[in-house]
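Chains, contacts and geometry: an overview
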Protein chains: 2
Amino acid sequence: MKLRTTAFKAAYAAFAFTLVAVSAIAQSDALPSWNDTGAKKAIVDFVDRVTEMGGPDFVPVDDRIATFDNDGTLWVEQPFYTQIAFAFDRVKALAPQHPEWNTEQPFKALLENDQKTVLASGEAGIMKIIAATHTGMTTDEFAEVVGQWLATARHPQFKRPYPECVYKPMLELLAYLRGNGFKTYIVSGGGVEFMRPWTQKVYGIPPEQIIGSSVKEKFQIRNGQPALERLPDVDFIDDGPGKPVGINKFIGRKPIAAFGSSDGDQQMLEWTASGKPSLMLIVRHTDGDREYAYDRKSAVGRLDKALDEASARGWIVVDMKKDWKSIFPPANR
Amino acid sequence: MKLRTTAFKAAYAAFAFTLVAVSAIAQSDALPSWNDTGAKKAIVDFVDRVTEMGGPDFVPVDDRIATFDNDGTLWVEQPFYTQIAFAFDRVKALAPQHPEWNTEQPFKALLENDQKTVLASGEAGIMKIIAATHTGMTTDEFAEVVGQWLATARHPQFKRPYPECVYKPMLELLAYLRGNGFKTYIVSGGGVEFMRPWTQKVYGIPPEQIIGSSVKEKFQIRNGQPALERLPDVDFIDDGPGKPVGINKFIGRKPIAAFGSSDGDQQMLEWTASGKPSLMLIVRHTDGDREYAYDRKSAVGRLDKALDEASARGWIVVDMKKDWKSIFPPANR
């Protein structure tokens, strides 16, 4: 474009200046719930480097893969995982159809609100509960049940729906990365079909970008219509060393950024760190006033070995209390 | 926009006319290797309907999922699947490191080019060959081996590299669908990691949109570096009733269009047909001169039950001889 008059040049200069200013504001405003501490600076610096066309760390858009753990990283996981709350509520809802549960453990204890006995039943007991509440129906039926539960259940501490117990700074981070050409994935130990009904609406992440644990499924024709039946057999556990396996299975590329909060994310971060450039970040729960404070000794979301490795290797550790201006989005009621 | 002068209006009308004309040409030219037969008309009609904003069959972009079988649908599968040719060549390449193969079946027969005995070893024999050639290395090492083989191997009949034994009309169809907002996936019985190294370049389909059969993999630290080791255990068979399971596992949405060529695609097409609107298409190999002619009695890529169902339900059956002007892209040497 050739600019012919001084007035035109002045107008153009003003316009260009406005563009730069808007862009600068957009950049600094992309993470408004983050304090201007080291964590935010390290994130913005990384994104600037990998998106700088011609720069030494430039990464083409197709390879800008970012993977996020869910429980404890994007939403609350205390006092126990949301999916466990769902399973417990389902047992109570289904109890009238299962009189045998009045005498059979761990169902009996669960129905009597005796959580100690339920937890003492261990992995075998929890698997019984998962099988009874997550399988024996079609995928469509399960999605329906999850949707209904999420619409009515409330977190016991925060008294709001679980999809509102998500971390506002992380929602901003998801949007900021996508705005810079990243494809955002969830890589969670939670059940993939427990997450897919709501992740698009809550996180802006579509079903095909949700990786999680799964049960085996079987194709069948029911009343002339094809359906997928959920079977009481574990197909895949997407946790710990399973996370890099799941990432390779579903994505087939190594992420350049990975976000976790517990020892279950350690191998995902190690896998990501083995490529360059790469960003590894751990959300540390340090805010007992606004959320919860827990790490090395927590039964849920334990952060111990991964914290040591983060410290040794210089991964970003987010201190929720210091680094985040707010925790949750405004209540939406 | 308010048009103030007649000249302006005339110019605008001419411009609008040009746009319509260009659009019409772009539409009719999107599938130049397809004859103007019913198959092409049915495809174009479907795409017009699902992309017509406000129309009764409009489908939002996010739900425009199209799944393609690979062997026999996108590239040649005769005289045997390409991946089998790869496995046989790998046995020969690895033989010097395996003197025991000189006496152990089915390796002995394979090394003596006694294909009859190899095939007579059945599924157990083929699995031995797959384990010996596809596992016991890292995912990176396997991708390297596949890439090297594809760069040098030639199809026995067409004397060109396998990535050039792809169907030109189907490449056009992939691009046409993507141009209309579809997300294109491969859903193949072949190994997912055998396809991922080349599908982006050949089909324009990225690794995260490749669904296939897989072996179990294990995360481990090797010489201080994380790696994924390929194990000699089947993880998932993405064929027949496994295809809708794979589609749900990896995509979590039902496709609105599915493309296959054999009985192994029947359930994928049934699953797709259970949603509305939907397009189901079968490529039938009817061209013994330009490619191969086979269907109900072929050991490789048998098309029998799915052909009956296509006929009964009005699915599109492409007759390669009548419907396609050309089969392969020009040789690229």
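Residues numbered from 1 in each chain as written. Chains lettered and ligands numbered in written order. Predicted model: local features only at pLDDT ≥ 70, side-chain atom pairs only at ≥ 80, totals over all residues. Heavy atoms only, no water.

1. Topic: the interface of chain B and chain A
Put simply, the rule reads: In this description, contact between two residues means that some pair of their heavy atoms is separated by no more than 4.5 Å. Using a 1.4 Å probe, buried area is obtained as the accessible area two parts lose upon being combined, added over both of them. Just to be clear on terms, a salt bridge is a Lys or Arg side-chain nitrogen sitting within 4 Å of an Asp or Glu carboxyl oxygen.
Between chain B and chain A, the contact holds 33 residues from the first and 33 residues from the second. Interface area for chain B against chain A, summed over the two sides, is near 2700 Å², with a carbon-plus-sulfur share of 52%. Area buried by chain B at its contact with chain A is led by E208, F219 and K249 of chain B, which between them contribute 22% of it. Scanning the region where chain B abuts chain A turns up six salt bridges.

2. Overview of unusual backbone geometry
Put simply, the test is: Numbering of helices and strands runs from the N terminus, with a helix taken as a DSSP run of H or I at least four residues long and a strand as a DSSP run of E at least two residues long. The cut-offs for exposure are 20% and 50% of the maximum accessible area for each residue type, with area from a 1.4 Å probe on protein chains only; residues under the lower value are buried, those over the upper are exposed, and the others partly exposed.
In this chain, Q105 of chain A is followed by P106 of chain A through a cis amide linkage whose omega measures 0 degrees. Examined against the element boundaries, P106 of chain A turns out to sit in the loop between helix 3 (82-94) and helix 4 (107-111). Even without glycine at this site, N223 of chain A takes up a positive phi of about 50 degrees. Relative to the helices and strands, N223 of chain A is located in the loop between strand 3 (210-222) and strand 4 (225-236). For N223 of chain A, a relative accessible area of 83% puts it in the exposed group. Phi at K159 of chain B is positive, roughly 55 degrees, even though this residue is not glycine. Within the secondary structure layout, K159 of chain B lies in the loop between helix 7 (139-152) and helix 8 (168-179).

3. Brief notes about helix 7 of chain B
Applicable threshold: One fewer than the residue count of a helix, multiplied by 1.5 Å, yields its expected span. The arc under discussion is defined with respect to the helix axis, by the directions toward the C-beta atoms.
In this model helix 7 of chain B runs 21 Å from its N-terminal to its C-terminal C-alpha over 14 residues, within 8% of the 20 Å that 1.5 Å per residue would give. Turning to helix 7 of chain B, its buried residues number three or more, namely T139, F142, V145, V146, W149 and L150 of chain B. Looking down the long axis of helix 7 of chain B, one finds its buried residues gathered within 130 degrees of arc, a one-sided arrangement. Exposed positions of helix 7 of chain B whose direction lies more than 90 degrees from the buried face are D140, A151 and T152 of chain B. Among the structural elements, helix 10 (242-250) of chain A together with helix 3 (82-94), helix 6 (122-134), helix 9 (192-203), strand 3 (210-222) and strand 4 (225-236) of chain B are those in contact with the buried residues of helix 7 of chain B.

4. Some remarks on helix 3 of chain B
Residue and element names in this part refer to chain B. For helix 3, spanning 13 residues, the distance from its first C-alpha to its last is 18 Å, which sits close to the expected 18 Å at 1.5 Å a residue. Within helix 3, 10 of the 13 residues are buried, leaving the element largely enclosed by the surrounding structure. Turning to helix 3, its buried residues are T82, Q83, I84, A85, F86, A87, F88, R90, V91 and L94. Buried positions along helix 3 lie against helix 4 (107-111), helix 5 (115-120), helix 6, helix 7, strand 2 (183-191) and helix 9.

5. A few points about the confidence of the model for chain A
Residue and element names in this part refer to chain A. Stated precisely, the cut-off is as follows: The predictor rates its confidence in each residue with pLDDT, a number between 0 and 100.
Looking at chain A, pLDDT values average 92 and 91% of them are 70 or higher. Counting contacts from residues 1-15, a segment whose pLDDT is below 50, to residues more than four positions away or on other chains yields four contacts. Below pLDDT 50 for its whole length, residues 17-25 participates in zero contacts with residues either more than four positions away or in separate chains. Two summary scores accompany this predicted model of the complex, namely pTM at 0.91 and ipTM at 0.90.

6. With respect to the pattern of salt bridges
Per the stated rule, a full pass over the model turns up 42 salt bridges over all chains. For the salt bridge of D57 of chain A with R49 of chain A, the shortest nitrogen-to-oxygen distance reads 2.5 Å. Judged by relative accessible area, which is 24%, D57 of chain A ranks as partly exposed. Assessed through its relative accessible area of 30%, R49 of chain A is described here as partly exposed. Salt-bridge contacts for D308 of chain B lead to R296 of chain B; the nearest nitrogen and oxygen are separated by 3.0 Å. Of this pair, D308 of chain B sits in helix 12 (residues 305-313) while R296 of chain B sits in the loop between strand 7 (293-294) and helix 12, and the two are 12 residues apart along the sequence. For R296 of chain B, a relative accessible area of 33% gives the class partly exposed. Salt bridges sharing partners connect three or more residues here, namely D63, K183 and R253 of chain A together with E208 of chain B.

7. Considering the pairing of strand 8 (residues 316-319) of chain A
Residue and element names in this part refer to chain A. This is how the line gets drawn: Between any two strands, pairing holds if DSSP finds at least two bridges.
Only one face of strand 8 is covered, namely the one carrying I316 and V318; the face carrying V317 and D319 has none of its residues buried. Here strand 6 (residues 279-286) runs beside strand 8; their pairing, made up of four bridges, is parallel. The residue bridging L281 from the neighbouring strand is I316, located in strand 8.

8. Quick look at the side chain of T67 of chain A
With respect to the helices and strands, the residue T67 of chain A is situated in strand 1 (residues 65-68). Classification of T67 of chain A as buried rests on a relative accessible area of 0%.

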